[in-house]
Amino acid sequence: MTDPFHWLMGTRLQVPTKLVPADVVFVVLVLLVALPAFRSTGRDGGGGGRWPDRAAWRRTGFRALGAVGGGLVGLLACWVVGDLLNAFDVRLTDVTRMWVAFAFAGLGLAAVGLVQGGRVRRVLAAVLVPLALLVPALGVNVDYAAYPTLNALVQTDPFPALDLGAETGAVGAAAGAGTSGSASAGAAGSAGAGAAGAAGAWAPPATMPATGLVGTVRIPGRESGFPARPAVVYLPPAARTADPPPLPVIVSLSGQPGSPSDMFTVGGLATTLDAYAAAHHGIAPIVVSADQLAVPGHNTMCVDSTIGNAATYVTRDVPDWITSHLRVTTDRRGWGLVGFSQGATCAMQFLAGHPDRFSAALAISSEPQPIDRSPQNSADEAFGGSLSRWRAAAPGALMAANRPYSDTSVWLTAGSTDGEFVRSAQHLGSAARAAGIRTRVASAPGSGHDWNTVQWSVSNELPHEADVLLTAPGVVHG
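Residues numbered from 1 in each chain as written. Predicted model: local features only at pLDDT ≥ 70, side-chain atom pairs only at ≥ 80, totals over all residues. Heavy atoms only, no water.

**Topic: helix α9 (residues 310-325)**
For step 1, the next point in the chain: Given a rise of 1.5 Å per residue, 16 residues ought to cover 22 Å, and the 21 Å separating the end C-alpha atoms of α9 matches this to within 8%.
For step 2, the next point in the chain: The largest bend in α9 is about 25°, located at Asp-317, with the proline Pro-319 one to four residues further on.
For step 3, the next point in the chain: Counting buried positions along α9 yields 14 of 16 residues, so the element is predominantly enclosed. (Helix = DSSP H or I, 4+ residues; strand = E, 2+ residues; numbered from the N terminus. Expected span 1.5 Å × (residues − 1). Bend = angle between axes of the 7 residues up to and from the residue. Buried < 20%, exposed > 50% of the residue type's maximum accessible area, 1.4 Å probe, protein only.)

Next comes the structure, spelled out in structure tokens:
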């Protein structure tokens, strides 16, 4: 039996059975605090009742003004923080603005109720304060689908240290810095090891687990010096066997702010890949969710700069660790990327700028260029103040500089209501096609710049990327 604490931490935050009762309680409490009391005419409570007098309605009017004023303050805060300061680098949705307005309206009503109310009204107003924070927070969470449970909210590293099993030591310490045309040179011998030597010759053993395994590893920035947080790795069932076959690799990059675990805890990567593996005899890409931020809100713009050498970390240190520790193909046609928001922009930069290392990418809500608040601020932060260098780091500019591409594919998605990023996907798609990259642009129906879009994209588009990566030379087919 689950103890109450773990039940609470694991409870789903986005299901109607919890959201609707909370909304109803919030509305009822608002009405009880806002409306005047209906008073009895008799001392003993008999004799019927009477409507509130003018003074009571006047006080009600002041409470209504408090609520309206609070709501307007909430909308103003959204405009200042989201639009004027662009603190989140994306426009706040209308739904989020509505919930923020409700929160401030509830707080405004509670403040007036605490000042002018009687004992009962003050108690109700005090109870309204936490509800005015909790219920809108749940509404915003549904809008962005960011935290499915309380565990996802409070745990920064929800996965245990990964036991690599038979993968450990499969590739010797000779793993090097990599060579042109491959992800890294160190694991070249691994593709010929054991029963997995020939593409398509591997047969799943009876002892193969039914699902994959997710855990954390530390990938040091040996060349870059980048202070990365622990990475999260997904091993499909085939990789958990005693003699794993060589598999393709997808490097995953979270949004900003974010952490490497986000694409699993919220994005649903493991669920989608487990389903894919089940349909392919345990075969699926190994996923390594690396850290390109160092801290949750740190926008490195995925270049080497005084902020940090994020590009060298993701394109050199991470592949070197992967080929030194995991049974993977070293052919760049078996290496892909997936990313969301800032991570998607990074994925496009790495695909466009490092065609010798990556051949495919799923970019979910990518920006047209790396950006931190404004072009000039971005240039100042990571490009030595040079706007020309900043423009040259845009995926479109990189694709134009490195075209034509061969054996390269990209999937670009955005939420259908996220107009800015739909246009960005279309812009990047046009640039990719002009550069000879196989391109698909799609929209997640009814969602915005949120994790609903990520979940839809991972479920619907990531299997197509896996299909392409599994065609790489030396990779077994499920």
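**Structural notes on the confidence of the model for the protein**
For step 1, the next point in the chain: On average, residues of the protein score 84 in pLDDT, and 83% of them reach the 70 mark or higher.
For step 2, the next point in the chain: Taken as a whole, residues 169-199 scores under 50 in pLDDT and shows 65 contacts with residues more than four places along the chain or in a different chain. (pLDDT = per-residue confidence, 0-100. Contact = heavy atoms within 4.5 Å.)

**Comments concerning the pattern of salt bridges**
For step 1, the next point in the chain: Taken as a whole, this structure holds six salt bridges when the rule is applied.
For step 2, the next point in the chain: Between Arg-97 and Asp-83 there is a salt bridge, with the nearest N and O atoms lying 2.9 Å from each other. A residue pair is termed long-range when its members are at least 10 positions apart, and Arg-97 in helix α4 (residues 94-116) and Asp-83 in helix α3 (residues 54-84) qualify at 14 residues.
For step 3, the next point in the chain: A residue is classified by how much of its surface remains accessible, and Arg-97, at 11% relative accessible area, is buried.
For step 4, the next point in the chain: Between Arg-440 and Glu-461 there is a salt bridge, and its shortest N-O distance comes to 2.9 Å. One end of the pair, Arg-440, is in strand β12 (residues 438-444); the other, Glu-461, is in the loop between α15 (451-460) and α16 (462-469), and 21 residues separate them in sequence. (Salt bridge = Lys/Arg side-chain N within 4 Å of Asp/Glu carboxyl O.)

**Looking at empty space enclosed by the protein**
For step 1, the next point in the chain: The full count for this structure, using the stated rule, is one cavity of 30 Å³ or more.
For step 2, the next point in the chain: Considered as a void within the structure, the largest cavity measures approximately 30 Å³ in volume.
For step 3, the next point in the chain: If you go around the largest cavity, the residues you meet are Asn-299, Met-301, Gln-342, Thr-345, Cys-346, Gln-349, Glu-367, Pro-370 and Ile-371. (1 Å grid on protein atoms, 1.4 Å probe; cavity = no way out; pocket = protein on both sides within 12 Å on 5 of 7 lines; lining within 4 Å. Points joined across faces, edges and corners; volume = space filled by probe spheres on them.)

**A short note on the state of the cysteines**
For step 1, the next point in the chain: With the rule as written, the count across this model stands at one disulfide.
For step 2, the next point in the chain: A sulfur-sulfur separation of 2.0 Å characterises the disulfide bridge that pairs Cys-302 with Cys-346. In this structure the cystine formed by Cys-302 and Cys-346 twists about its S-S bond by roughly 90°; its chirality is therefore right-handed. Remark: Cys-346 occurs in helix α10 (residues 342-353) and Cys-302 occurs in the loop between β6 (286-290) and β7 (304-305); sequence separation between them is 44 residues.
For step 3, the next point in the chain: Residue class for Cys-346 comes out buried when judged on its relative accessible area of 1%. (Disulfide = S-S within 2.5 Å.)

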